[in-house]
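Report on the structure
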Amino acid sequence: MTEFNAKALANPGIRTLSPYQAGKPIEEVERELGIKNIVKLASNENPLGLSAKVKGALQDALSGLARYPDANGFYLKTKLAEKFGVHTNQITLGNGSNDVLELLARTFVNETHEVIFAQHAFVVYPLVTQAIGAKGVAVPAKNYGHDLPAMLAAITPKTRMIFIANPNNPTGTFLTKEELAEFIAQVPQNVLVVLDEAYYEYVSEAERAPSVEWIAQYPNLIVSRTFSKAYGLAGLRAGYVITHPDIADLMNRVRQPFNMNSLSLRAAEVVLDDQEYLAESIRVNADGMAQLVQFCEQSGLNYIPSHGNFLTIEVGSEAAEIYQQLLRAGVIVRPVAGYQLPNHLRVSIGLPAENQAFIDAMANLLK
Ligand SMILES: *Cc1c(COP(=O)(O)O)cnc(C)c1O
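Residues numbered from 1 in each chain as written. Predicted model: local features only at pLDDT ≥ 70, side-chain atom pairs only at ≥ 80, totals over all residues. Heavy atoms only, no water.

- As recorded in an unreviewed UniProt entry, the chain goes by Histidinol-phosphate aminotransferase and comes from Pseudidiomarina donghaiensis.
- Under Cofactor (unreviewed entry), UniProt gives the following word-for-word description of the chain: "pyridoxal 5'-phosphate".
- Its UniProt record gives the chain the following Subunit (unreviewed entry) comment, quoted word for word: "Homodimer." (UniProt positions renumbered as here; feature names shortened; annotations may be inferred.)

Put into structure tokens, the structure is as follows:
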């Protein structure tokens, strides 16, 4: 191809950006290694598969696909607003919560700003920050999780946004509602706090922070949720943020008009009412977590206690090699060296037999 320096034309932050590393797809491992019956525990997906009710609704929705989606997601926003006791003008929908996280950064952050996140926090935060050309400030972790006092201390006049994942991915660490409440009360109002609760549904009701209620008192608080995990819609892409109405108004000007498609809108509406599916997701996750934790304890493997739908296990300096060997045994997990955790592997909770496949393969390697 003709020599052409596209990089020189790109925005400065984008020139040195590393692409997001997704979990390895099953088909890719099949293709590359020529093996079948692969178990994927690499992307924190819901092992139950799609809710049966959603499947039926999607069949019915197919006939409408020649039309554009509802650009305002009226029915889904109405349902969410009812569920969380907010007004529909406080909700912004997205093509997965990644979309709204990026939208937030583009709406509020520019290259003169600083954005704070924790070491080992979800990689999308540094990614969107760098893409804009803003300065990312990674605050060293405390016990693998967020060090909130240190994050407060990192705020400067240039700080515009703070990302907090609770529970955090890839560590599964969790901040109590008391810790969060104390933190938010001390953040100045001109600094936006994005509380990413992608794993909210897996947290016990007693432990969940009343984060949406806090927005009335702290208009700079943004609560992000997703349908990708406990609701099992990762492939459809559906997420949202709940915010002060003025934040939603601004995001609405920037977003793509059809950033949720007709199928994902319909699926999200339906699964939100599927209490049985959600309960089953939570139950299967708790059982699978116990299964993996028990294996770690019995095998003397350290792990980071997790509040999510995954467990991050310390396997030692050969983590990259163990990852490859697990692949060859037909089990895909997630290396997390890119999160400054070179000795760990993140294992998503699967169905009992899938967890067992990981346990068997791992036990074999430990021999
Ligand atoms: C999985 C995950 C999300 C959700 O991403 P989607 O774009 O909604 O699929 C968001 N934040 C964190 C921390 C996650 O782990």
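**Regarding the domain arrangement of the chain**
- Taken domain by domain, the chain consists of domain 1 (6-49 + 276-366) and domain 2 (63-272).
- Between the C-alpha centres of domain 1 and domain 2 there is a distance of 24 Å.
- Of the residues lining the interface, 30 residues belong to domain 1; the matching set on domain 2 comes to 29 residues.
- Both sides of the domain 1 and domain 2 interface together cover about 2400 Å² of buried area, and 63% of this is carbon and sulfur.
- There are 12 residue pairs in polar contact (both at pLDDT 80 or more) connecting domain 1 and domain 2. (Domains from an automatic or database assignment. Contact = heavy atoms within 4.5 Å. Buried area = accessible area lost by both parts, 1.4 Å probe. Polar contact = N/O pair within 3.5 Å; in protein donor to acceptor, adjacent residues only side chain to side chain.)

**Some words on the packing of aromatic side chains**
- This structure, assessed with the given rule, holds 9 aromatic pairs.
- Where Tyr125 meets Phe163, the ring centres are 4.5 Å apart and the plane angle is 0°; that geometry is what we call stacked. Here Tyr125, found in helix 7 (residues 124-132), pairs with Phe163, found in strand 5 (residues 159-165); they are 38 residues apart in sequence, far enough to count as distant. As far as burial versus exposure is concerned, Tyr125 and Phe163 are alike and both buried.
- Seen from their ring centres, Phe227 and Tyr231 are 5.3 Å apart, and the 50° between their planes marks the pair as tilted. Each member of the pair, Phe227 together with Tyr231, is buried.
- Ring pairing ties together the aromatic residues Phe84, Phe227, Tyr231 and Tyr240, which thus form one cluster.
- We note Arg208 situated over the ring of Tyr200; from NZ or CZ to the ring centre the distance is 4.7 Å. (Phe/Tyr/Trp six-rings, centres within 6.5 Å; stacked < 30°, edge-to-face > 60°. Helix = DSSP H or I, 4+ residues; strand = E, 2+ residues; numbered from the N terminus. Buried < 20%, exposed > 50% of the residue type's maximum accessible area, 1.4 Å probe, protein only. Lys NZ or Arg CZ within 6 Å of the ring centre and 35° of its normal.)

**Observations concerning empty space enclosed by the protein**
- With the rule as written, the count across this model stands at 2 cavities of 30 Å³ or more.
- Of the voids in this model, the largest cavity is the one considered here, and its volume is about 60 Å³.
- Forming the walls of the largest cavity are Glu45, Asn46, Pro47, Leu48, Tyr202, Ser281, Val284, Asn285, Asn309 and Ile349.
- Classifying every residue of the lining of the largest cavity gives 5 nonpolar, 4 polar and 1 charged.
- One number sums up the size of the second largest cavity: a volume of about 50 Å³.
- Around the second largest cavity, the lining residues are Asn166, Pro167, Phe174, Leu175, Leu180, Glu197, Tyr200, Val203, Glu207, Arg208 and Ala209.
- Considered class by class, the residues forming the lining of the second largest cavity number 7 nonpolar, 1 polar and 3 charged. (1 Å grid on protein atoms, 1.4 Å probe; cavity = no way out; pocket = protein on both sides within 12 Å on 5 of 7 lines; lining within 4 Å. Points joined across faces, edges and corners; volume = space filled by probe spheres on them. Nonpolar A, V, L, I, M, F, W, Y, C, P; charged D, E, K, R; others polar.)

**What to know about the UniProt feature "modified residue: N6-(pyridoxal phosphate)lysine" (unreviewed entry) in the chain**
- UniProt records the feature "modified residue: N6-(pyridoxal phosphate)lysine" (unreviewed entry) for Lys229 in the present numbering.
- Take Lys229: it is sitting in the loop between strand 7 (221-226) and strand 8 (239-242).
- Residue classification places Lys229 among the buried positions, given a relative accessible area of 14%.
- Excluding residues within four positions of it along the chain, Lys229 makes contact with Ser43, Asn44, Asn46, Ala198, Tyr199, Tyr202 and Asn309.

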